[in-house]
Amino acid sequence: FKSVTESFDTSTPFGKATLGMLAVFSQLERETIVERVRMAKQESAKQGRFMGGPAPFGYRYNCGAKKLEIDELQAQVVRCIYDRYLSGKTGYGHIAEELERKGIPGPTDKRWNKTSIRKILTNPVYVGLVNHKESMYQGKHEAIICPEKWREVQVLIKNKGAVRAAAGVHTG
């Protein structure tokens, strides 16, 4: 190991010890930074701030205000997805097919599919919450879906999953 900025010889015992100490302090600094970032993210979530990444379908991120804002055209689609699912007659795939037939652009201009529908139906951001490390916090953003409708959908998803699991057990 040769260093341009520090003058120590790593071929000597003292030089090797110095290199070892530098490595220990580098590791300490790295772990300190990781812990600070983790704590900052936790605090951001507690304060209801959006945790980053692409804005969920139905929202856009306002950099100046540092929060999610409702994209009303997309929010109408989100509300429609919740209503269609609550009707009990359609599943994820059927809703995706309907949206594709109508020519409604999907999230990030991709096609609609079962996964994109499930993500919208299960993402707590739509009820005004921020999810971080399995904990929910009240978000600073406005909800697209009311809490009652959100809970109904979650119960329906859970019940449909239980019915499919039970059917699989009996048929397999």
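Everything quoted here is computed from the prediction, not taken from an experiment.

A look at unusual backbone geometry
Positive phi, normally seen in glycine, also occurs at Lys66, with a value near 55°. Mapped onto the secondary structure, Lys66 falls in the loop between strand E1 (59–62) and strand E2 (67–70). Residue Lys66 is classed as exposed on the basis of its relative accessible area of 55%. Of note, the phi angle at Lys133 is positive, near 50°, even though the residue is not glycine. For Lys133, the location among the structural elements is in the loop between strand E3 (129–132) and strand E4 (135–138). Overall, Lys133 belongs to the exposed group, its relative accessible area being 60%.

Thoughts on the pairing of E4
As paired strands, E3 and E4 are joined by four bridges and run antiparallel to one another. When the bridges of E4 are listed, Leu129 appears paired with Gln138. In sequence, E3 turns back onto E4 through a hairpin of two residues, with Lys133 there showing a positive phi of about 50°.

Brief notes about the packing of helix H3 (residues 92–101) against helix H4 (residues 114–122)
In contact at an axis separation of 8 Å, H3 and H4 are set at 105° when each is read in the N-to-C sense. Compared by their axis directions, H3 and H4 come out roughly perpendicular. Listed contacts from H4 to Tyr92, Gly93, Ile95, Ala96 and Leu99 of H3 are Lys114, Ile117, Arg118 and Leu121. Split into classes, the residues belonging to the contact of H3 with H4 amount to six nonpolar, one polar and two charged.

Here we look at the pattern of salt bridges
Under the counting rule described, the total for this entry stands at six salt bridges. In this structure, the salt-bridge partner of Glu35 is Arg38, at a minimum N-O distance of 2.9 Å. Within this pair, Glu35 and its partner Arg38 are both found in helix H1 (residues 13–46), separated by three residues, close to a single helical turn. Judged by relative accessible area, which is 36%, Glu35 ranks as partly exposed.

As for the confidence of the model for the protein chain
Looking at the protein chain as a whole, the pLDDT averages 86, with 90% of positions reaching at least 70. The lowest-confidence element of the protein chain is helix H5 (residues 147–171), averaging 75 in pLDDT; the highest-confidence one is helix H2 (residues 72–86), averaging 96.

Quick word on the side chain of His141
With respect to the helices, strands and loops of the structure, His141 is situated in the loop between E4 and H5. Of note is the side chain of His141, whose polar atom sits 2.9 Å from the backbone oxygen of Val125. The contact partners of His141, leaving out residues within four places of it in the chain, are Tyr59, Leu68, Val125, Gly128, Leu129 and Val130.

Cut-offs and rules
- For every chain, the first residue of its written sequence is number 1, and the numbers climb from 1 along that sequence.
- Where totals are concerned, whole chains, interfaces and linings use all residues; where local detail is concerned, this predicted model gives features only for residues with pLDDT of at least 70, and gives and counts side-chain atom pairs only at 80 or more.
- Excluded from the side-chain calculation are hydrogens and water; included are all heavy atoms of the structure.
- In this text, helices come from DSSP runs of H or I with a minimum length of four residues, and strands from runs of E with a minimum of two, each type numbered from the N-terminal end.
- Burial classes: relative accessible area under 20% of the type maximum marks a residue as buried, over 50% as exposed, and values in between as partly exposed (1.4 Å probe, protein chains only).
- Only strands joined by at least two bridges in the DSSP assignment are considered to pair.
- Note on geometry: axes are lines fitted to C-alpha atoms, helical ones only across the stretch in contact, with angles between N-to-C directions running from 0 to 180 degrees.
- By definition in this entry, angles of less than 35 degrees are roughly parallel, angles greater than 145 are roughly antiparallel, angles of 65 to 115 are roughly perpendicular, and the rest are oblique.
- The contact definition used throughout considers only heavy atoms, calling two residues in contact when any of these lie within 4.5 Å.
- Side-chain classes follow a simple rule in which Ala, Val, Leu, Ile, Met, Phe, Trp, Tyr, Cys and Pro form the nonpolar group, Asp, Glu, Lys and Arg form the charged group, and the remainder, Gly included, forms the polar group.
- Whenever Lys or Arg places a side-chain nitrogen within 4 Å of a carboxyl oxygen from Asp or Glu, that contact is recorded as a salt bridge.
- The predictor's confidence in any single residue is recorded as pLDDT, a number from 0 to 100.
- Nitrogen and oxygen atoms within 3.5 Å of one another constitute a polar contact, given that in protein one can donate a hydrogen and the other can accept it, and given that sequence-neighbouring residues count only through two side-chain atoms.

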